[in-house]
Amino acid sequence: MSRLAAIASVFLLSACASTEPTVELPPIEGALVRAINFNGQGGIEIAGYRWTSEQDSRANGMMLRDVEAVLTELEPQPTTDENTYTMLNTAIAKPGQLNIDQILYGAQYDFYFWFMENEPRTRRTMSIEIEGQMVEENMGNLAFQKWHRYGPYAVELSDGELN
C-alpha cells in the first residue's frame, strides 16, 4: 500500500473572471502523509484531506531555499471550490531550479502537484524529479489562468529524506 504525500507546487499566479464550471478531479486515494499549502495557512481541506501550512511543514523537516512568496486574488480556470481557490492563490516562486527536501520515513509515496499559469505571454514547462527519478518532463504548458493537478507519481523512498 502506498502512502500519499500531496505537495502543492504552485508558481506565479494571475487573475481573471470565471466563466467555466467547476471540474471534478478523480479522487486521491491513500493515507495522507502531508499536503502543503505553500505560502498559505494550514487547516484547509481539499479532496477530503487536511493541508498544512508551509511554516508547519518547515518545522517538521521540510527544507526550502531562496523562494519568493506569492499571494494573489485570482479566479482559477476552470473554477474551483473555495479551499482550492485559496491554495492556488498562495504560492511560492523561484526562477530556475526549485528544490524541496522533506524528512520522511522510508516507504512508497504518491506525489501530486498543483500548478496554475499566471503569465499571459508565457507558457512554462517544468520537469519534476523526485529522488533522482524523472517523473514528469512536461508539467505546465497551460494557457493563461488555467490550472491542473498533476500526478500521482509513485516514488520509493529509502533514505529518510525526500529530495
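Going by the structure above, here's the rest.
A short tour of the structure in this document, coming up.

The rules behind the values
Residues numbered from 1 in each chain as written. Predicted model: local features only at pLDDT ≥ 70, side-chain atom pairs only at ≥ 80, totals over all residues. Heavy atoms only, no water. Helix = DSSP H or I, 4+ residues; strand = E, 2+ residues; numbered from the N terminus. Buried < 20%, exposed > 50% of the residue type's maximum accessible area, 1.4 Å probe, protein only. Contact = heavy atoms within 4.5 Å. Areas by Shrake-Rupley, 256 points an atom, 1.4 Å probe, with all protein chains shown as cover. Phe/Tyr/Trp six-rings, centres within 6.5 Å; stacked < 30°, edge-to-face > 60°. Pairing = 2+ DSSP bridges. Polar contact = N/O pair within 3.5 Å; in protein donor to acceptor, adjacent residues only side chain to side chain. Salt bridge = Lys/Arg side-chain N within 4 Å of Asp/Glu carboxyl O. Core = buried A, V, L, I, M, F, W, Y, C linked by side-chain atoms within 4.5 Å.

Our next topic: the overall build of the chain. A tally of regular secondary structure across the chain gives two helices and 14 strands. By the burial criterion, 47% of the 163 residues in the chain qualify as buried. Within the chain, contacts between residues separated by at least 24 positions form 73% of all contacts whose residues are at least 6 apart in sequence. Surface exposure of the chain reaches about 8,200 Å², of which carbon and sulfur atoms provide 46%.

Right, let's get into the packing of aromatic side chains. Taken as a whole and assessed by the stated rule, the structure comprises five aromatic pairs. Seen from their ring centres, Y105 and Y109 are 6.3 Å apart, and the 55° between their planes marks the pair as tilted. What makes Y109 buried here is its relative accessible area of 0%. With a centroid separation of 6.1 Å and 45° between ring planes, the pair formed by Y109 and F111 is classed as tilted. Judged by relative accessible area, which is 1%, F111 ranks as buried. Aromatic rings pair up to connect W51, Y112 and W114 into one cluster.

With that settled, the discussion passes to the sheet that holds strand β14 (residues 161–162). The strand order β6-β9-β14 describes an open sheet built from three strands, whose pairing is antiparallel. Where the open sheet ends on each side, the last strands, each with one partner, are β6 (62–64) and β14. For β6 and strand β9 (residues 100–103), the ladder comprises three bridges, and the chain directions are antiparallel. Paired with M63 across the bridge in β9 is D101.

Looking now at the environment of N163. Looking at where N163 falls in the secondary structure, it is placed in the segment after β14. In this structure, the C-alpha to C-alpha distance between N163 and M63, residues 100 residues apart in sequence, is 9.5 Å. Residue contacts for N163: discarding those within four places in its chain leaves I100, D101, E129, I130 and E131. At 3.2 Å, the side chain of N163 and the side chain of E161 are in polar contact.

Below, the discussion takes up unusual backbone geometry. Keep in mind that most residues, glycine aside, have a negative phi and that most peptide bonds are trans. With an omega of 0°, the peptide bond running from Q77 to P78 counts as cis. Checked against the element boundaries, P78 lands in the loop between β7 (68–71) and α2 (82–88). Across the junction of G151 and P152, the peptide omega takes the value 10°, indicating a cis bond. Its place among the elements puts P152 in strand β13 (residues 147–157). Even without being glycine, E131 reaches a positive phi, approximately 55°.

Let us now look at the pattern of salt bridges. Counted according to the given criterion, the structure contains two salt bridges. One salt bridge in this structure joins R58 and E54, with 2.9 Å as the shortest N-O distance. Of the two residues, R58 and E54 are both situated in helix α1 (residues 54–59); the distance of four residues between them amounts to about one turn of the helix. Judged by relative accessible area, which is 9%, E54 ranks as buried.

We now examine the side chain of S53. Turning to its location among the elements, S53 is positioned in strand β5 (residues 52–53). Here the side chain of S53 touches D56 through a polar contact of 3.0 Å, landing on its backbone nitrogen.

By size, the foremost hydrophobic cluster in this structure holds 17 residues, and its most contacted members are F111, F113, I130, M139 and Y150. Only β10 (107–116), β11 (125–130), β12 (133–140) and β13 provide two or more residues apiece to this core. Ranked by the residues each element gives to this core, the list is headed by β10, at five residues. Ranked by size, the runner-up nonpolar core spans 13 residues in total, among them I28, I44, W114 and M116.

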